[in-house]
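One letter stands for each residue in the lines below.
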Amino acid sequence: MGGVRRNENFRLNCTGWEAARNADPMLVTRFLETKPFKPRIRLAPVTGAIENIGFMDEQPFYYSLLFAAYKAGLALSIGDGTPDIKIQSGIGAVTQLQKQDEHARSAVFIKPYDNDRIFERVEWSQSVAEVVGIDIDSYNIVTMRNLVHLEKKTAAQLKEIKRRLRVPFAIKGVFCEEDIALVKEVHPDIVYISNHGGRIDTRTGSTAEFLAQHAAELQANCDHIWVDGGIRTATDVATALALGAQQVLVGRPCITALCKDGTDGVRAVAESLRTM
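Conventions adopted
Along each chain, residues carry numbers from 1 onward, in the same order as the chain's sequence is written. Local features in this predicted model are restricted to residues of pLDDT 70 or higher, and side-chain atom pairs are both shown and tallied only at a pLDDT of 80 or more, whereas totals for entire chains, interfaces and linings draw on every residue. Excluded from the side-chain calculation are hydrogens and water; included are all heavy atoms of the structure. Secondary structure elements follow DSSP: runs of H or I of four or more residues count as helices, runs of E of two or more count as strands, with numbering from the N terminus. For the radius of gyration, the atoms used are the C-alpha atoms, and the globule rule reads 2.2 Å times the number of residues raised to 0.38. Here's how the labels work: a residue is buried when its accessible area is under 20% of the maximum for its type, exposed when over 50%, partly exposed in between, all with a 1.4 Å probe on protein chains only. Contacts are assigned to residue pairs with any non-hydrogen atoms lying within 4.5 Å of each other. Method for areas: the Shrake-Rupley scheme with a 1.4 Å probe, in which residue coverage is limited to the protein chains shown. We score Asp and Glu as negative and Lys and Arg as positive, and we do not count His or the chain ends. Lys charges are placed at NZ, Arg charges at CZ, Asp charges at CG and Glu charges at CD. Pairing between two strands requires that DSSP report at least two bridges joining them. Axes here refer to lines fitted to C-alpha atoms; in helices the fit is confined to the stretch in contact. Angles between the N-to-C directions go from 0 to 180 degrees.

Chemist: Residues and numbers for the overall build of the protein chain, please.
Modeler: When helices and strands are tallied, the protein chain shows 11 helices and eight strands. What you see for the protein chain is a C-alpha radius of gyration of 17 Å, in line with the 19 Å of a compact globule of 276 residues. The dimensions of the protein chain, computed from C-alpha atoms along their principal axes, are 45 × 45 × 40 Å. Counting across all 276 residues of the protein chain, residues that qualify as buried make up 55%. Sequence-distant contacts, at least 24 apart, represent 72% of the contacts inside the protein chain between residues at least 6 apart. Accessible surface, the protein chain as shown: approximately 12,000 Å² in total, 50% of it carbon and sulfur. Taking the average place of the 33 positive charges on the side chains of the protein chain and the average place of its 34 negative ones, the gap between the two points comes to 2 Å.

Pasting the structure below:
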């Protein structure tokens, strides 16, 4: 679960929230004076249980993580990858959860394959998806290079996907000026600011800094802003909300908590993010 360039952006993500508070010491205080702290926290999409995390098999990981997140009261996400067992395992895990709660749903984030293959995945996930997003930056992710063909998506391709969906559409991986241009043309329902936890070979910077600089511009072209990257405390969550996000997503802390303490560990992480 490391990052490129000696984890540079991963480290910047983690320090970025405090840097935003240092730049405006009253940021969080002003926000909390105007709104109650009731954050919407979502499990970030995670795949690659074998190569990224150290599990022996893919399928048990997804059910364990999603079940723990569900029990902790987190909204859910599932990711995509190669081979297809990754997204299929995530879909299967949510399907299992629906046996306990018929209303259980997840955001589904699909890699930028050609559109025909994306539509196939949309079909696979239609019974569990509350949101469908395209992971636009992952064409450049190191662990998928030379394994499968991924595309740098155009606005026209993204518009076609948005038109075909029955649920809200998200663009995930917004982190550069050219991504903002895509957002302005496509007008997705959700803009998801992310640099894959520093795992994408992209510009240097933090998601906190990008959110602070571009939230107003992005909000004018979408309904909701989501953000991940280095969020570790309730104060970080409040900072993200104060800067303009409507949801925050957390991945690594939930995974490490699951590996250490199972469902109880993930519940403790969730509570720590909700309690100021």
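Chemist: Can you tell me about the environment of I110, naming the residues and giving the values?
Modeler: With respect to the helices and strands, I110 occurs in strand β3 (residues 106-110). Considering only alpha carbons, one finds I110 and S138, 28 residues apart in sequence, at a separation of 9.6 Å. Sequence-distant contacts of I110, defined by excluding residues within four places in its chain, comprise D80, I87, I118, R121, V122, V132, G133, I134 and D135.

Chemist: Please give an account of the sheet that holds strand β8 (residues 247-250) that cites residues and values.
Modeler: The sheet built from eight strands is open, its strands ordered β1-β8-β7-β6-β5-β4-β3-β2 with parallel pairing. Edge positions in the open sheet fall to β1 (41-43) and β2 (77-78), since each of these has one partner strand only. Bridge count for β1 against β8 is three bridges, and the pairing is parallel. Looking at β8, one finds that I41 is bridged to V248. Here helix α7 (residues 155-164) sits on the sheet in contact with β4 (129-135) and β5 (169-174), set at roughly 145° to β5.

Limitation: the analysis is restricted to geometry and does not speak to function.
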